Amino acid sequence: MTQNAPRKESRVRRLMAPKEPLLVFRGQGMALLLPILIGLMTFLLGFVVLQSSQRVMEVQRSLGLANSAFTVFVPTTPGLSAVESDPAINRALDVLQNTGGLGRIQVLDRPATQFLIEEALGDTVSTQVPLPTIITVQRARRADLDKAALQVELDRAAPGALLDDNQPARAFLAAERSREIGKSALLIVLVLAAVMLAVALVVSLSMDLQSDVMEVLFMSGASDRVILGQFAGFVFRSTAIGAAFGGVAALVAQLLIWPTAAMEGGALLSLQVLLTVLVFILIVAGAVVAARWRVMRKLKRTF
């Protein structure tokens, strides 16, 4: 008994020495693999989120084009195919030109009209079939346009005229954008849950392996905050290293697959860098929260 006392005193002195900070994870295999595991998870999450952001930006660009333009179909008067000689087309153009909030107005020629009709209906359209006149109209930015009233005016000027505001395409693009954002959000939740579970498991196993060290610390008057600080500090350093490498690797892989983002720069590259930083913060914060929760819970149950 007297021989064990000096040994315990020397161990306490060694553990509490200010020049030798306590390393509760030292020599543990699972803890050494923690940065690698966090790095792989961060790479997976970051790469998928960046890919999704690329698709969302493309969808948003297409949605902006669909919102900024609409098409007017005017039935051609039999025997009057030329724009200059068809009064219905001229009346429709007068209505559009006198409507506020509109920009460029363009009448497509017959080859362009034939191409669009065949693209929509197939090659079965006969050249003898009378084609409608297609007018493309650009909307001014932030213009307040009453499409229902414009449709009435067009139908009055050119009976049978149809205004197509790309509603089906806009609805599809908006749904596609929401779907991409939803998938990214779900993946973020799943990966964060996996990170927190892995950290909690590593911390729990490490505390079991270091139970004798913690017992000596408590006998020396150490508080729960000392133990909590050691575990939380190590988890923070490990996850920060792993998440940094994983995030940078995800951004590099994304730029290699989509080099246009790096060459063009601008909003897309800034968004992807911001998302990479956000993924890094979420991973590190989730890991630290899981570590602190697991340490406090296990301390209350065990010690």
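Right, let's walk through the structure included here.

About the thresholds
- Residues numbered from 1 in each chain as written.
- Predicted model: local features only at pLDDT ≥ 70, side-chain atom pairs only at ≥ 80, totals over all residues.
- Heavy atoms only, no water.
- Core = buried A, V, L, I, M, F, W, Y, C linked by side-chain atoms within 4.5 Å.
- Buried < 20%, exposed > 50% of the residue type's maximum accessible area, 1.4 Å probe, protein only.
- Helix = DSSP H or I, 4+ residues; strand = E, 2+ residues; numbered from the N terminus.
- Axes fitted to C-alpha atoms, helices over the stretch in contact; angles between N-to-C directions.
- Parallel < 35°, antiparallel > 145°, perpendicular 65-115°, else oblique.
- Left-handed = near helix turned anticlockwise from the far one by under 90°.
- Contact = heavy atoms within 4.5 Å.
- Nonpolar A, V, L, I, M, F, W, Y, C, P; charged D, E, K, R; others polar.
- Salt bridge = Lys/Arg side-chain N within 4 Å of Asp/Glu carboxyl O.

### Some details on the nonpolar core
In terms of nonpolar packing, the biggest core is built from 32 residues, with Val 195, Val 199, Val 203, Ile 283 and Val 295 touching the most fellow members. The set of elements that each furnish at least two residues to this core consists of α2 (29–67), α6 (167–209), α8 (224–257) and α10 (266–302). In terms of residue count, α10 provides more of this core than any other element does, ten residues in total. Counting 19 residues, the second largest nonpolar core, distinct from the first, contains Leu 96, Leu 145, Ala 158 and Leu 163.

### Observations concerning the packing of helix α3 (residues 87–97) against helix α5 (residues 147–157)
For the pair α3 and α5, interaxial distance at closest approach is 8 Å and the crossing angle is 155 degrees. Judged by the inter-axis angle, α3 sits roughly antiparallel to α5. Crossing angle aside, the handedness with which α3 passes α5 is right-handed. Two secondary-structure elements touch here, α3 through Arg 91, Ala 92, Val 95 and Leu 96 and α5 through Leu 150, Glu 153, Leu 154 and Ala 157. Taken together, the residues of the contact of α3 with α5 break down into six nonpolar, no polar and two charged.

### Side note on the environment of Ala 200
Mapped onto the secondary structure, Ala 200 falls in helix α6. As a C-alpha pair, Ala 200 and Ala 287 span 87 residues in sequence and 8.2 Å in three-dimensional space.

### A word on the pattern of salt bridges
This structure, assessed with the given rule, holds six salt bridges. We note a salt bridge from Arg 179 to Glu 176, for which the minimum N-O separation is 2.5 Å. Here Arg 179 pairs with Glu 176, and both are found in helix α6, just three residues apart, close to one helical turn. Residue Glu 180 pairs with Lys 183 through a salt bridge whose shortest N-O separation is 3.5 Å. Placement of both Glu 180 and Lys 183 in helix α6 is noted, with a separation of three residues, approximately one turn of the helix. On the basis of relative accessible area, Glu 180 is assigned to the buried category, the value being 5%. Under the relative-accessibility criterion, Lys 183 is labelled partly exposed at 47%. One salt-bridge network, in which partners are shared between bridges, spans Arg 55, Glu 180 and Lys 183.

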